[in-house]
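Chain by chain, the residues run as shown.
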Amino acid sequence: MDVKALHELQSIDTAIDQSRHAQATLPERVRHDDARARLASLRAKIGDVRREQSAFESELAAIERRAAELGNHKSRLEKQLKTVIAPREAEALQHEMTAIDVERGEGDDRGLELLESSARADADLSELMVRESEALTLEADAARQLEAALIASRAILEDLERQRMDMVSRIAPSDVRDYERLRASHGGVAVAEIRHGVCGGCHMDISPSELDAIKRLSVDAVAECPNCSRLLLR
Ligand SMILES: [Zn+2]
C-alpha cells in the first residue's frame, strides 16, 4: 500500500471538499439572493400600491354614480316642488332635498380625500418604479457576477477532479477503496501525519515504544495509529 500516494490523494480530496464548500457558499450567491429579495419586495410594494389605487378608483366611480343618482332624484323633487300646494308636503320635499345635498356633500368630501390619496399613491408608485428599475440593474449585475464566480469555481473543481483521476490511476484500486472507506468513517482524514509524537488524525499521543515499533516496520508495511487506526504517513 502506497500510503504516501494516498496522502497526496487525500490532499486533493480535501481541496475538492473545500472547493465544493466554497462553491456552495459563494459571497456572490448571497449578494444575488439579496438583490433578488430586494427586487421581489419592491415588486410586492408596487402590487400593493396598484391594488390600493384600483380600490380608490372603484370607490370614486361608485361616488360618481351615486352623485348622478342623487342629482336626478333632486331634479325630480324640484319639479315636484313646483306642483305642490300643501305646505307640509313642500316641507317634506325640502327636507328630502336637504338630505340629498348633505349626502352629496359627504360624497364630494370623500371624493377629494380619495383624489389626494390617489395622487400620493401615484407619487409613491413613480418612486417605487424608479427603485424597481435600479434594483433590476443591481440584480442583473449580481447575476452576472455570480455566473462568473461559478464558472471560475467550476474550473477549479474540474482541474482538481482531473488531478484526482490522475492520482487514482497510479494507486491500486483496492487501496483507493480502503482509503475511501477510512476517509468516510474518519472525518475526511484517512491518512495522518505524526507530528511531535502525536497522530495528526486523532491528536492523541503515540507512545515512544509505539513510535519505535512504527519506525522498525519494514518499508512496505503499513503503519496504523494505535488509537484511531488511521493510516500513518512515515
Ligand atoms: Zn490517531
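So, how was this worked out
- Residue numbering note: each chain is counted from 1, following its sequence as written.
- Residue-level local features of this predicted model are given only where pLDDT is at least 70; pairs of side-chain atoms are given and counted only at 80 or more, and the full residue set underlies all totals for whole chains, interfaces and linings.
- Each axis is a line fitted through C-alpha atoms, taken for helices only over the stretch in contact, and angles between the N-to-C directions span 0 to 180 degrees.
- In DSSP terms, a helix is any run of H or I states spanning at least four residues, a strand is any run of E spanning at least two, and both are numbered starting from the N terminus.
- Every angle not falling under 35 degrees, over 145, or within 65 to 115 is termed oblique; those three ranges are roughly parallel, roughly antiparallel and roughly perpendicular.
- Take the far helix as the reference: if the near one is turned anticlockwise from it by less than a right angle, the crossing is left-handed, and if turned clockwise, right-handed.
- By definition, residues are in contact whenever their C-beta atoms, placed on the basis of the backbone, come within 7 Å of each other.
- In this classification, the charged set is Asp, Glu, Lys and Arg, the nonpolar set is Ala, Val, Leu, Ile, Met, Phe, Trp, Tyr, Cys and Pro, and all remaining amino acids, among them Gly, are polar.
- Here a strand pair is declared whenever DSSP counts at least two bridges between the two strands.
- A helix's residues, less one, multiplied by 1.5 Å, set its expected span.
- Our exposure labels follow a C-beta count within 10 Å of each residue's own C-beta, placed from the backbone: buried means 20 or more other C-beta atoms, exposed means 12 or fewer, and partly exposed covers the counts in between.
- The directions from the helix axis to the C-beta atoms are what the arc is built from.
- Boundary definitions for the domains trace back to an automatic or database domain assignment.
- Here, a nonpolar core means buried Ala, Val, Leu, Ile, Met, Phe, Trp, Tyr and Cys residues linked by C-beta atoms lying within 7 Å of one another.

What follows covers the packing of helix H1 (residues 3–24) against helix H4 (residues 173–185). Packing of H1 against H4 brings their axes to within 11 Å, and their N-to-C directions diverge by 50°. In terms of axis orientation, H1 runs oblique to H4. For the element pair H1 and H4, the recorded crossing hand is right-handed. Note on element contacts: H4 touches H1 through Asp-175, Tyr-179 and Arg-183, opposite Leu-6, Leu-9, Gln-10 and Asp-13. Along the lines of polarity and charge, the residues of the contact of H1 with H4 split into 3 nonpolar, 1 polar and 3 charged.

Strand order in the open sheet formed by 3 strands is S2-S1-S3, with mixed pairing between adjacent strands. Here the strands that pair on one side only, and so sit at the sheet edges, are strand S2 (198–199) and strand S3 (231–233).

Right, let's talk about H4 for a bit. Compared with an ideal rise of 1.5 Å per residue, which puts 13 residues at 18 Å, H4 spans 19 Å between its outermost C-alpha atoms and is within 8% of the ideal. Turning to H4, its buried residues are Tyr-179, Leu-182 and Arg-183. For H4, the buried positions fall inside an angular range of 100° around the axis, keeping them on one side. Exposed positions of H4 whose direction lies more than 90 degrees from the buried face are Pro-173, Ser-174, Arg-177, Arg-181, Ala-184 and Ser-185. Where H4 is buried, its residues meet H1 and S3. Where H4 terminates, the next one or two residues include Gly-187, which has phi positive at roughly 60°.

Along the chain, Glu-147 turns up in helix H3 (residues 87–168). C-beta crowding within 10 Å serves as the criterion here: with 12 such atoms nearby, Glu-147 is assigned to the exposed category. Expressed as a C-alpha distance, the spacing of Glu-147 and Arg-29, which sit 118 residues apart in the sequence, is 9.1 Å.

A few words now on the domain arrangement of the protein. Under the domain assignment used here, the protein contains domain 1 (19–168) and domain 2 (173–233). Using only C-alpha atoms to locate each centre, domain 1 and domain 2 end up separated by 66 Å.

Moving on to the nonpolar core. With 14 residues, the main nonpolar core has Leu-6, Ala-190, Val-191, Leu-231 and Leu-232 as its most contacted residues. Listed by contribution, the elements that provide at least two residues to this core are H1, H4, strand S1 (191–195) and S3. Of the residues forming this core, the biggest block, 3 residues, is contributed by H1. Here Leu-6 is in contact with Ile-171, Asp-175, Tyr-179, Ala-190, Val-191 and Leu-231, once residues within four sequence places are set aside.

A few words on unusual backbone geometry. A positive phi angle is found at His-196, which is not glycine, with a value near 50°. Looking at the secondary structure, you find His-196 in the loop between S1 and S2. Taking the number of C-beta atoms within 10 Å as the measure of exposure, His-196 has 5 and is therefore exposed. One non-glycine residue with positive phi stands out, namely His-203, at about 60°. Within the element layout of this structure, His-203 appears in the loop between S2 and helix H5 (208–215).

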